[in-house]
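Understanding the architecture of this molecule
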Amino acid sequence: MAPQVDLLKADIALQAKDIDTATALYRRALKLDPTLHIALVQLYQLAKDHKQEQSFFESANHLLNTSSQPVWVRKLLADAYMNANDLGMAEFHYKKLLGTEAFKQSPVILNNLANIYMKDDLDIALQTAKLALDGSKGKSASIQDTVGWILALQGKYDEALGYLREASVLDANNPEINYHLGYTLHKLGRRDDATRQLKIATMQENYSGYNDALQLLKSIQ
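Position numbers for residues count from 1 along each chain, tracking the sequence in the order it is written. Where local features are concerned, this predicted model is filtered to residues with pLDDT of at least 70; where side-chain atom pairs are given and counted, the filter is 80 or more; whole-chain, interface and lining totals use all residues. Side-chain descriptors were evaluated using all non-hydrogen atoms of the structure, hydrogens and water having been removed beforehand.

With respect to the side chain of Thr128
Test applied: Helix and strand definitions here come from DSSP, where helices need a minimum of 4 consecutive H or I residues and strands a minimum of 2 consecutive E residues; each element is numbered from the N-terminal end. Only heavy atoms enter the contact rule, under which two residues are in contact if any of them lie within 4.5 Å.
Tracing the sequence through the fold places Thr128 in helix 8 (residues 122–136). Not counting residues within four places of it along the chain, the set of residues in contact with Thr128 comprises Leu110, Leu113, Ala114 and Tyr117.

Some points on the side chain of Ser140
To keep it simple, the criterion reads: Burial classes follow relative accessibility: with a 1.4 Å probe on protein chains only, a residue under 20% of its type's maximum area counts as buried, one over 50% as exposed, and anything between as partly exposed. N or O atoms closer than or at 3.5 Å make up a polar contact, with two conditions inside protein: a donor-capable atom paired with an acceptor-capable one, and, for residues adjacent in sequence, both atoms drawn from side chains.
Mapping Ser140 onto the fold places it in the loop between helix 8 and helix 9 (141–153). Exposure remark for Ser140: the relative accessible area of 17% places this residue in the buried category. There is a polar contact of 3.2 Å between the side chain of Ser140 and the backbone nitrogen of Ile143.

Considering helix 2 (residues 19–32)
Basically, it comes down to this: Here the expected length of a helix is defined as 1.5 Å per residue gap, with one fewer gap than residues.
Counted at 1.5 Å a residue, the expected span for helix 2 with its 14 residues is 20 Å, and the 20 Å between its end C-alpha atoms agrees. Those residues of helix 2 lying buried are Ile19, Ala22, Thr23, Leu25, Tyr26, Ala29 and Leu30. Looking at the buried side of helix 2, the elements it contacts are helix 1 (3–15), helix 3 (37–50) and helix 4 (53–66).

Comments concerning a nonpolar patch on the surface
Worth spelling out the cut-off: Patch construction takes residues with relative accessible area above 30% that form no salt bridge. Like charges are linked within 9 Å, and nonpolar side chains (Val, Leu, Ile, Met, Phe, Trp, Tyr) are linked within 5 Å. The Shrake-Rupley method, run with a 1.4 Å probe sphere, supplies the accessible areas, and residue values consider only the shown protein chains as cover. Any Lys or Arg side-chain nitrogen located within 4 Å of an Asp or Glu carboxyl oxygen qualifies as a salt bridge.
A cluster of nonpolar side chains, contributed by Ile38, Val41 and Trp72, occupies part of the molecular surface with about 240 Å² of accessible area. Inspection of the secondary structure assignment puts Ile38 in helix 3. When its relative accessible area of 45% is taken as the criterion, Ile38 is described as partly exposed.

So, the pattern of salt bridges
In total, this model carries 7 salt bridges according to the counting rule given. Across the pair Glu91 and Lys95 runs a salt bridge, and its minimum N-O distance is 2.9 Å. You can see Glu91 and its partner Lys95 sitting in helix 6 (residues 87–98), 4 residues apart, about one turn around the helix. Each of Arg190, Asp193 and Arg196 takes part in salt bridges that share partners, so that together they form one network.

Here we look at the packing of aromatic side chains
Let me state the cut-off plainly: Two aromatic rings from Phe, Tyr or Trp, using only the six-membered ring of Trp, form a pair when their centres are within 6.5 Å; if the ring planes differ by under 30 degrees the pair is stacked, by over 60 it is edge-to-face, and anything between is tilted.
Inspection of the entire model under this criterion finds 7 aromatic pairs. An angle of 85° between the planes, with centres 6.3 Å apart, marks the rings of Tyr207 and Tyr210 as edge-to-face. Residue Tyr207 shares its accessibility class with Tyr210, and that shared class is buried. Through successive ring pairs, a cluster of aromatic residues spans Tyr44, Phe56, Phe57 and Tyr81.

Points about unusual backbone geometry
A positive phi angle, near 65°, is found at Lys17, a position not held by glycine. Along the chain, Lys17 turns up in the loop between helix 1 and helix 2. The phi dihedral of Gln105 falls on the positive side, at around 55°, and the residue is not glycine. The topology assignment puts Gln105 in the loop between helix 6 and helix 7 (107–117).

All quantities given are derived from atomic positions and should not be read as evidence of function.
Right, dumping it as structure tokens:
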């Protein structure tokens, strides 16, 4: 069967919210034509939105192992592993990306690696995040937030505050930044300011720090 037919049927199944059928058809289309990258992008989105990670991992790894692919395919795979909290595999692919011309010293990749290193080694995480900050020329809210949060976790609250405030200026509606800012202000003894930030942070639930933000807010009110 022609891969374009499978692609069309997959799109129809997806519109009908038949996720399993859509996933199977996107996979088959990609197997028939490894250059049909729209199918891979759709599988990535299904992995992100509908917990179809294994199908995406198998398809993307098969592509990378059996054919020449654009470098962004590995970036998509690394991001999917990051989304799934498989930090070891995410780190492996992000490091490979840093060795490519397209992503050499990429601030985005370095920032993601800093977030991975944060789990085990705050010093290495900070070094990596500052490399990302230099590459972004200070214009990335997420990188400013990463640097500030690492400093906060190291107990350097005054230094952290400047980075987190800058992150908030760049992205005022990011609840994770609001949480990190509230946490740091709390550690600095600024209860009212901390409460204000934490109330904003807990207005949204779809981020990893929500429960911590809610618990901290309840403890200081």
